[in-house]
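# Structural overview for review
Chain by chain, the residues run as shown.
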Amino acid sequence: MNTWVFLHKYRIKYWKQFWLAAAFVTIETTCDLLQPTIVSKIIDIGVADRRPDYILSQGALMVLITALGALAASIRNVIASKVSQNFGSELRGDLYEKIQMLSFTNIDNLNRTSLVTRLTNDVNQVQLLVNSLMRISLKAPLLCIGSLIMAINLNPHLAVILIFIVPIILLLIVITIKVGFPRFAQVQTALDQVNAVMREYLSGIRVVKAFKQFEYEQEKFAAANQELQGKSVGAIRLMSVFSPSIALTVNLGIVMVLWLGGLGVNTGQIQVGHIIAFINYMSQILVSLMIVFLIFNNFVRAKASVIRIGEVFKQHNDAKWIINHFAFQPVNKGRIDFENVSFSYAGLGGPTVLRDINLTCLPGQTVGIIGATGAGKTSLVNLIPRFYEVTAGFVKVDGHDITEINPGQLRDKIALVPQQAVLFTGTIMDNIRWGKENATAQEVAAAAKLAAAHDFIISFPEGYNTKLGQGGVNLSGGQKQRLAIARALIRKPAILILDDCTSAIDIVTEEKIKQALNEYASQLTCLVVAQRISTVLDADKIAVMEGGTITACGTHTELLQTSNVYCEIVQSQRGRR
Ligand code: M5T
Ligand code: MG
C-alpha cells in the first residue's frame, strides 16, 4: 500500500472547499494585481493632466478593490482554518482508531513512544501544510504569473528586462530546491532524534538517577542536540544565501527598470506612472517567490510527517479473524488446551520462544507454571487472549480453536493480571472498575478485599477516591500489584491468569490472597505463573518450563520425584518459605 493513500479519503471529502478557497484566493490576487495599474493611471492621467476628479474617482475605485480583496482574504482564511482544523482532528481520530486496532506484533514493530509523536506533532505538521496550501500557496503562482502578465501588458518595452531576470530567478529556485530539500529533511530527522532521546530519558528517569547515569544521558542528548544544530545551520545557511540572492536579482531588475524607464521618459516613450507600476509588479513577484520558499519549508516537514503517519496506516493486522460472525463459537466454561503450540515473536522463521507445548487446564483447576526467567511463561499465557498468533499448533478454549472465537468475547471471559502492574490516571475506584464498568462500590470493595488491598486503600485519607498519578506512581510495587489483582477479580471471568503478579508482595499477604482465591477460583480455570514455589505449591497441576518447552508436569509431590529441575528449584528456595 502506498504511504500517501490514507490522504485520499480527505481529498474526496474536502476538494470542494479547497476549490472554493482557491476561488477566493483568485479574487484576492486579482485585486492585488489591479492596484499598481490604477496607481499608474492616477499618476499619468490624474497628476500629469491635473485632474482632481479623475484622481478621486480612481482613488475610490482603489478603496473598493482593496476592500473586496480584504473580504476575499478573510473568507478564504475562514475556509482554510475550518478545513485544516477539521481535517486535523479527523486524521488524529482515524489514526487513534487505527492504533487501537493494531495487534501487539504491529505495535512492537512501530515503537510505542513514537506513536505519540505521530499522533500529535506529525498530524499538526500535516494540518499546518493543508492550512498554508489553502491560504497562501495558490496565491504565490497566481501573483507571480499575474504580475508577469500585467507587467508585459503595461509596457512591453520595460518587459524586456524580465527576459533577463526571470530565468535567473528560476535557476536560483531550482538549485535551492535540489540542494535544500535533502537538508531540510535531515533537520527533521535530527529533530526526531532529539525527541527520541528525550522521551527515553524521561521514561527511565528513575533508573538514570539510580545508576547515576546523568553524564551518559547528557552526552547522548548533547550528541543529538549538536547534530540538530549542525543540520539546522546547514539549512539556514542555504536560506540565507537564497533569499538575498533573489532579492538582489529583483532589485537589479528594478534598477534596470529605473534606468531604462528614465531614458524612456526623457524621450517621451514611457510615462512615469508605468515605471512605478512596473516596480510594484516586480516587488509582487519577489513576495510570491518568498511565499513559495515558506511553503517549501512547510512541505518538507509535512512530507516526513506524512510518511510516518502513512507507516501506521500501512500496518495491517495480521491476525486471521474469521469474517463470518455467526461462525464464532461461544465461551462458557473456560477449559484451555495447548496442542503442539510453537511460537515466535517474529512470526515464522524467527527465533522460537515456545516449542511443542501441550497442556490442558480444566475448569475449576488451578495450574501453576514455574520456570527460570526467560523460559517463556509470559509468552505462553499471552497466547490465550490471542495477543499474539501461534506459529504452529492450536490454542483451544472450551474445545474451540481461539481463531474461531470472537476476540472480544474471548477477552471478555479472561481476566489477566500482567507481570508488570499497569494502572491509569484516575482514582483507585476507577482503576478497579476497569475490570467491570458498572460495578457497584460494594463489588469494588469485595474485589479489593479478595486481593488484600482493602486495608491499605482505606488507610489513605481519601480511601477509594485516592487519585493515582500516571502509571500509579504514588503507590508501592506491591500495592500496585494488589490493585491489578482486584481489577481482574472484579470481572468474575471464566479464565483467570496471574502472571507472576505477587512477586512484590510479602509472603504473609500473598498467603492471604491465596486463601481468598481458593474459594473464588473453585469454579474457574486459573493459571498461575510464578517464580516462587510457595505460590504454586498446592495447585492441581504444575508445569515446569525450561527454554520454551514444558519439561515436566504434575502435582508438587509428583514433581519432587520426577523432575530434577523442580527439585533444584525447591532446594534453592528452601528456608525462604
Ligand atoms: C521468553 C522473548 C524474551 C525471552 C523469551 C515478553 C517478550 C519476550 N520475548 C520477546 O522477544 N518479546 C517479548 O515481548 O521471549 O520471554 P518471557 O515469556 O517473557 O519469559 P518469562 O515470562 O518466563 O520470564 P520472566 O522473567 O518473566 O520470569 O527470550 O527475550
Ligand atoms: Mg514473565
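No experiment lies behind these values; they were computed from the predicted model shown.

### Brief notes about the overall build of the chain
The helix and strand inventory of the chain stands at 19 helices and twelve strands. Here the chain has a C-alpha radius of gyration of 36 Å; the compact-globule value for 577 residues is 25 Å, and the former is much larger. With the C-alpha coordinates aligned to their principal axes, the bounding extent of the chain is approximately 120 × 50 × 45 Å. When burial is assessed residue by residue, the chain has 46% of its 577 residues classed as buried. Long-range pairs, those at least 24 residues apart, make up 77% of the contacts in the chain with a sequence separation of at least 6. Carbon and sulfur atoms form 61% of the exposed surface of the chain, whose accessible area is close to 29,800 Å². For the chain, the distance from the average site of its 53 positive side-chain charges to the average site of its 42 negative ones is 6 Å.

### Overview of the coordination of the magnesium ion (ligand 2)
For the magnesium ion (ligand 2), every protein donor is listed as Thr378 (OG1) and Gln419 (OE1), and the spread of their distances is 1.8 to 2.3 Å. Placement of the pair is Thr378 in helix 10 (residues 377-382) and Gln419 in the loop between strand 6 (414-417) and strand 7 (426-427), with a sequence separation of 41 residues. Taking relative accessible area as the criterion, Thr378 reaches 25% and is therefore assigned partly exposed.

### Quick word on helix 13 (residues 441-450)
For helix 13, every residue scored as buried is listed here: Val444, Ala445, Ala447 and Ala448. Each buried residue of helix 13 lies within a common arc of 160° when the element is viewed along its axis, so the set occupies one face. Facing away from the buried side of helix 13 by over 90 degrees, the exposed positions are Gln442 and Lys449. Contacts made by the buried residues of helix 13 are with helix 12 (428-433), helix 14 (454-459) and helix 15 (477-489). Looking one or two residues beyond helix 13, the residue adopting positive phi is Ala452, at roughly 55°.

### Quick notes on unusual backbone geometry
For Asn340, which is not glycine, the phi torsion reads 45° and is therefore positive. Its location among the elements puts Asn340 in strand 1 (residues 336-343). The backbone of Asp398 sits at a positive phi, close to 55°, despite the residue not being glycine. Mapped onto the fold, Asp398 is located in the loop between strand 4 (392-397) and strand 5 (400-401).

### Looking at the side chain of Asn106
Structurally, the position occupied by Asn106 is in helix 3 (residues 104-110). A residue is classified by how much of its surface remains accessible, and Asn106, at 2% relative accessible area, is buried. A polar side-chain atom of Asn106 sits 3.1 Å from the main-chain amide nitrogen of Ser103. A distance of 3.1 Å separates the side chain of Asn106 from the side chain of Gln315, its partner in a polar contact.

### Digging into the sheet that holds strand 1
The four strands are arranged 2-1-4-5 in an open sheet whose pairing can be described as antiparallel. With one partner strand each, in any of the chains shown, strand 2 (354-361) and strand 5 form the two edges of the open sheet. Bridging between strand 1 and strand 4 involves five bridges; their strand directions are antiparallel. Directly across from Glu339, in strand 4, lies its bridge partner Phe394.

### Here's the deal with the site of ligand 1
Taken together, Tyr345, Val353, Ala372, Thr373, Gly374, Ala375, Gly376, Lys377, Thr378, Ser379, Gln419 and Gln531 form the complete shell of residues around ligand 1. A distance of 3.0 Å separates an oxygen atom of ligand 1 from a polar atom in the backbone of Gly376. Contact with the protein chains covers 62% of the free accessible surface of ligand 1, which is 610 Å². Here the shell around ligand 1 is composed, by residue class, of four nonpolar, seven polar and one charged.

### Structural notes on the UniProt feature "transmembrane region" (unreviewed entry) in the chain
This chain's UniProt record puts "transmembrane region" (unreviewed entry) on residues 55-75, 136-154, 160-181, 238-260 and 272-296. Taken end to end, residues 136-154 is 95% helix and 0% strand, and its two terminal C-alpha atoms sit 26 Å from one another. End C-alpha atoms of residues 238-260 are separated by 33 Å, and the span's content is 100% helix alongside 0% strand.

### Notes on the nonpolar core
If you look at the biggest cluster of nonpolar residues, it comprises 51 residues, and the most contacted ones within it are Ile432, Ile457, Tyr464, Leu483, Ile485, Leu496 and Tyr566. Element by element, the count of residues in this core is highest for helix 15, at six residues. If we ignore the near neighbours within four places in the chain, the residues touching Leu496 are Ala415, Ala488, Leu489, Leu517, Tyr520, Leu524, Thr525, Cys526 and Leu527. Counting residues in hydrophobic clusters, the runner-up holds 38 residues, among them Ile169, Ile173, Val197 and Leu286.

### Examining the packing of aromatic side chains
Throughout the structure, instances matching the rule amount to ten aromatic pairs. When the centroid spacing of 4.4 Å and the interplanar angle of 15° are considered together, the rings of Phe104 and Phe387 count as stacked. You can see Phe104 sitting in helix 3 and its partner Phe387 sitting in the loop between helix 10 and strand 4, a full 283 residues away along the chain. Judged by its relative accessible area of 18%, Phe387 falls in the buried class. Look at Phe104 and Tyr388: their rings are 5.5 Å apart centre to centre, the planes differ by 65°, and that puts the pair in the edge-to-face class. Here Phe104 is found in helix 3, whereas its partner Tyr388 is found in the loop between helix 10 and strand 4, with 284 residues between them in sequence. Classification of Phe104 by relative accessible area gives partly exposed; the value is 34%. A network of ring pairs unites the aromatic residues Phe104, Phe343, Tyr345, Phe387 and Tyr388 as a single cluster.

### Some words on the packing of helix 5 (residues 139-154) against helix 9 (residues 272-314)
Contact geometry for helix 5 and helix 9: axes closest at 8 Å, N-to-C directions at 160°. With respect to helix 9, the element helix 5 is oriented roughly antiparallel. Crossing hand, helix 5 versus helix 9: left-handed. Seen from helix 5, the contacting residues are Ala140, Leu143, Cys144, Ser147, Leu148, Met150, Ala151 and Leu154; seen from helix 9, they are His274, Ala277, Phe278, Tyr281, Gln284, Ile285, Ser288, Ile291 and Val292. Its residues assigned to classes, the contact of helix 5 with helix 9 comprises 13 nonpolar, four polar and no charged.

Scoring rules and cut-offs
- All residue numbers here refer to positions counted from 1 along the written sequence of the relevant chain.
- Following the order in which they are written, the chains are lettered starting with A and the ligands numbered starting with 1.
- Only residues with pLDDT of 70 or above have their local features reported here, since the model is predicted, and side-chain atom pairs are shown and tallied only from 80 upward, although totals for entire chains, interfaces and linings are computed over all residues.
- Hydrogens and water are ignored here; the side-chain numbers use all heavy atoms of the structure.
- Numbering goes from the N terminus for both helices and strands, where a helix is a DSSP run of H or I of at least four residues and a strand is a run of E of at least two.
- When we talk radius of gyration, it's over C-alpha atoms, and the globule rule is simply 2.2 Å times the number of residues to the 0.38.
- Burial classification: accessible surface area is computed with a 1.4 Å probe over protein chains only, and a residue below 20% of its type maximum counts as buried, one above 50% as exposed, and the rest as partly exposed.
- In this description, contact between two residues means that some pair of their heavy atoms is separated by no more than 4.5 Å.
- In these tables, accessible area is a Shrake-Rupley quantity obtained with a 1.4 Å probe, and a residue counts as shielded only by the protein chains included in the view.
- The sign given to each residue is positive for Lys and Arg and negative for Asp and Glu; His and the chain ends receive no count.
- Charge positions come from single atoms, namely NZ of Lys, CZ of Arg, CG of Asp or CD of Glu.
- Note that water is not among the atoms used; donors are N, O and S atoms within 2.8 Å of the metal (3.2 Å for Na, K and Ca), so sites may look incomplete.
- The reported arc concerns the directions from the helix axis to the C-beta atoms and nothing else.
- Think of a polar contact as two N or O atoms within 3.5 Å of one another; within protein, one of them needs to be a possible hydrogen donor and the other a possible acceptor, and neighboring residues in sequence only count if both atoms come from side chains.
- In this scheme, strands are said to pair when DSSP sees at least two bridges between them.
- For this description, a residue counts as near a given molecule or strand if any of its non-hydrogen atoms is within 4 Å of it.
- Think of it as three bins: nonpolar holds Ala, Val, Leu, Ile, Met, Phe, Trp, Tyr, Cys and Pro, charged holds Asp, Glu, Lys and Arg, and polar takes everything else, Gly as well.
- UniProt positions are given in the numbering used here, feature names are shortened, and annotations may be inferred rather than shown by experiment.
- The term nonpolar core refers to a set of buried residues drawn from Ala, Val, Leu, Ile, Met, Phe, Trp, Tyr and Cys, joined through side-chain atoms within 4.5 Å.
- Centres within 6.5 Å are what make two rings of Phe, Tyr or Trp a pair, Trp counting through its six-membered ring; a difference in plane orientation under 30 degrees is then read as stacked, over 60 as edge-to-face, and the rest as tilted.
- Note on geometry: axes are lines fitted to C-alpha atoms, helical ones only across the stretch in contact, with angles between N-to-C directions running from 0 to 180 degrees.
- Small angles under 35 degrees read as roughly parallel and large ones over 145 as roughly antiparallel, with 65 to 115 read as roughly perpendicular and the rest as oblique.
- What makes a crossing left-handed is the near helix being turned counterclockwise from the far one by less than a right angle; a clockwise turn instead makes it right-handed.

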